[in-house]
Amino acid sequence: DSFYSFWYDFDSWRVFSYYDKEDTEKAESREERRWMEKQNKSARQLKKREEMSRLRSLVDHAYACDVRIKRFKEEEKQQKEKQRLAKAAAAKAAAEEKERIQREQAEAERLIREKEEEERKTQVEAARKEREKQKKAMQKERKAFRTLCQEYKYFSTDADRVQQMENVERLCESLTIVQLEKVRKDIGATADADAAKATF
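Cut-off values and rules
- Residues numbered from 1 in each chain as written.
- Predicted model: local features only at pLDDT ≥ 70, side-chain atom pairs only at ≥ 80, totals over all residues.
- Heavy atoms only, no water.
- Helix = DSSP H or I, 4+ residues; strand = E, 2+ residues; numbered from the N terminus.
- Buried < 20%, exposed > 50% of the residue type's maximum accessible area, 1.4 Å probe, protein only.
- Contact = heavy atoms within 4.5 Å.
- Areas by Shrake-Rupley, 256 points an atom, 1.4 Å probe, with all protein chains shown as cover.
- Salt bridge = Lys/Arg side-chain N within 4 Å of Asp/Glu carboxyl O.
- Expected span 1.5 Å × (residues − 1).
- Arc of directions from axis to C-beta.

**Things to note about the overall build of the protein chain**
For step 1, the next point in the chain: Looking only at helices and strands, one finds 6 helices and 0 strands in the protein chain.
For step 2, the next point in the chain: Expressed as a percentage of its 200 residues, the buried residues of the protein chain come to 14%.
For step 3, the next point in the chain: Long-range pairs, those at least 24 residues apart, make up 63% of the contacts in the protein chain between residues at least 6 apart in sequence.
For step 4, the next point in the chain: In the structure as shown, the protein chain presents an accessible area of about 16,500 Å², 52% of it carried by carbon and sulfur atoms.

Okay, here's the thing in structure tokens:
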């Protein structure tokens, strides 16, 4: 490159004064001598341009036929192609990595959602079982209370037995399981029917 740069930038030292058509020594006046010098200068510049064009044409021809330049250009082309392929591969790898991270994030989010849904279902099922357990315990306690009241003939005579049975049902509906159990145990702990009635 430096060799061809030198010749492409080369400025010939030839002055081409031997191509002058006008001899300034023969001029009769200063104006005529100046006109002759101007004509000679134009002719020299034209010859110099022709010389530089000839030289440039020679350098162009040498440059085009230089196998080293062809090899350098081919190597540069291959290097650019390698860089292009490497850049494309890096972009592809980056895109694949981004896609992999997105897939992993989506999978992690899906697993979290599934776990939360499973926990929610477990909690709902546990709450349902607890309600079922409480319901069964309440039914059992009410049945035991009713049975106890039946044993004591609802703490009443035949005349007001229906009223007392309604009272027993109201107690079964209004009291909590703890309160119902306490009343039942208190009545069960009494010695006779009068004490039981008083407790009721």
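**Things to note about the pattern of salt bridges**
For step 1, the next point in the chain: Applying the stated criterion across every chain, the model contains 12 salt bridges.
For step 2, the next point in the chain: Between R68 and D66 there is a salt bridge whose closest N-O contact spans 2.8 Å.
For step 3, the next point in the chain: Exposure remark for R68: the relative accessible area of 44% places this residue in the partly exposed category.
For step 4, the next point in the chain: As a salt-bridge pair, K80 and E76 come within 3.8 Å of each other at their nearest N and O atoms. One end of the pair is K80 and the other is E76, both in helix α3 (residues 67-151) and 4 residues apart, which spans about a single turn.
For step 5, the next point in the chain: What emerges from the salt-bridge pattern is a single network uniting E97, R100 and E104.

**Section: helix α4 (residues 161-174)**
For step 1, the next point in the chain: With 14 residues, α4 extends 20 Å from end C-alpha to end C-alpha; this agrees with the ideal 20 Å at 1.5 Å per step.
For step 2, the next point in the chain: All of the buried residues in α4 are Q164, V168 and C172. Viewed end-on, α4 has its buried residues packed into an arc of 85°, placing them on one side of the element. Away from its buried face, by an angle of more than 90 degrees, α4 presents the exposed residues V162, E173 and S174.

**Thoughts on α3**
For step 1, the next point in the chain: Spanning 85 residues, α3 covers 124 Å between terminal C-alpha atoms, matching the ideal 126 Å at 1.5 Å per step.
For step 2, the next point in the chain: If you check which residues of α3 are buried, you get I69, M138, E141, R142, F145, L148 and C149.

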